Amino acid sequence: MMSLNELWFVLVAVLFVGFFFLEGFDFGVGMSTGILAKNDTERRVLINSIGPFWDANEVWLITAGGAMFAAFPNWYATLFSGFYTPLVLLLLALIGRGVAFEFRGKVETPSWKKTWDVVIFIGSLLPPLLLGVVFADLIKGLPIGQDMEMRASFFGDIVNIYSVVGGITVVMLCLVHGLMFTTLRTIGDLQERARKMGKLLLIPLAALLVVFEIMTYFMTDVFEAHGGLMAITVVVIVVALVLAYIFMSKQRDGWAFGMTGAVIALTITSVFIGLFPNVMISSIDTAFNLTITNAASGHYSLKVMTIVAISLLPFVLGYQIWSYFVFHKRVHEKEHLEY
């Protein structure tokens, strides 16, 4: 049977997968306001398309962090202290993005809106880039000592060629996913251009994923440790990419969105597959790895958390599913645009 340590590792993974799937299209739509929209009206349409969802989607990240803190306090402490600079930048980007969504439509002047448009674009670009860097570093390994302290240099340990490629790949994943979400939430020329751009970007996205997988094979030991599962994951990602291209070509936008979401979910899942049973890998000595055992809370704490999670999770999921159902209507230029 699965132990509570393993269960909570899986739950943390599920929370991060859910965050990237849901907030991923928010980030993509935010980036598309700077590269897809031709005018202010189209930018307002794009922002309104995620207006009812973006703040609830960010809760998945908060919940994932909270689950790490409660279930794996040593993981939380090492990760958040070691990645202090990237995570502060992430927090500032998310704060700026949220403020921009609320403030953009308060003053009807071009300079005011242009300023907040830049904040929305940067606030949507930086989080997936930074999180991609962090997740890539997790599977590559970091200088973690026997005391579970991570003493990493910003350039070299945190920012390196492998982590940068990982960050750019996550950015591209979110952008394509966001463009597919736009095809589901808009009509007319904007919808058609989003579909066309998504199909065009699918090719460089596939190239980035191939490069990242090759680098992962040669620069980490995840294929050596979990070769079978990793190989299956890579094959399924390739199939999902091909299906996404086919569905985009046939204008089956819902299926295309599902496939880009599957690519994101599988990519993040592969990170946790590569980590298990570790939660952080030491580049100094494997004996210093943080695992689901030495980084975890006590058995009683995990037991109480499991009972609470099982009790509350259905209500949280039900509420979010209901909100997506209520706000499923497409957004178009002729209706009242709030932002």
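Our structure's up above, just so we're on the same page.
Residues numbered from 1 in each chain as written. Predicted model: local features only at pLDDT ≥ 70, side-chain atom pairs only at ≥ 80, totals over all residues. Heavy atoms only, no water.

(A) Region of the structure containing unusual backbone geometry. Between F276 and the following residue, P277, the backbone shows a cis peptide bond with an omega angle of 5°. Mapped onto the elements, P277 comes out in the loop between α10 (253-275) and β1 (278-280). Positive phi outside glycine occurs at M148, with the angle close to 65°. Tracing the chain through its elements places M148 in the loop between α6 (110-140) and α7 (161-185). One non-glycine residue, Q251, lies in positive phi territory at about 60°. Here Q251 is to be found in the loop between α9 (222-249) and α10. (Helix = DSSP H or I, 4+ residues; strand = E, 2+ residues; numbered from the N terminus.)

(B) Examining the packing of aromatic side chains more closely. As enumerated under the stated definition, the model contains 29 aromatic pairs in all. An angle of 70° between the planes, with centres 6.0 Å apart, marks the rings of F135 and F272 as edge-to-face. Linking F135 in helix α6 with F272 in helix α10, this pair joins segments that are 137 residues apart in sequence. Ring-pair connections join several aromatic residues into one group, and the members of that group are F9, F16, F19, F20, F27, F72, W75, F135, F272 and F276. (Phe/Tyr/Trp six-rings, centres within 6.5 Å; stacked < 30°, edge-to-face > 60°.)

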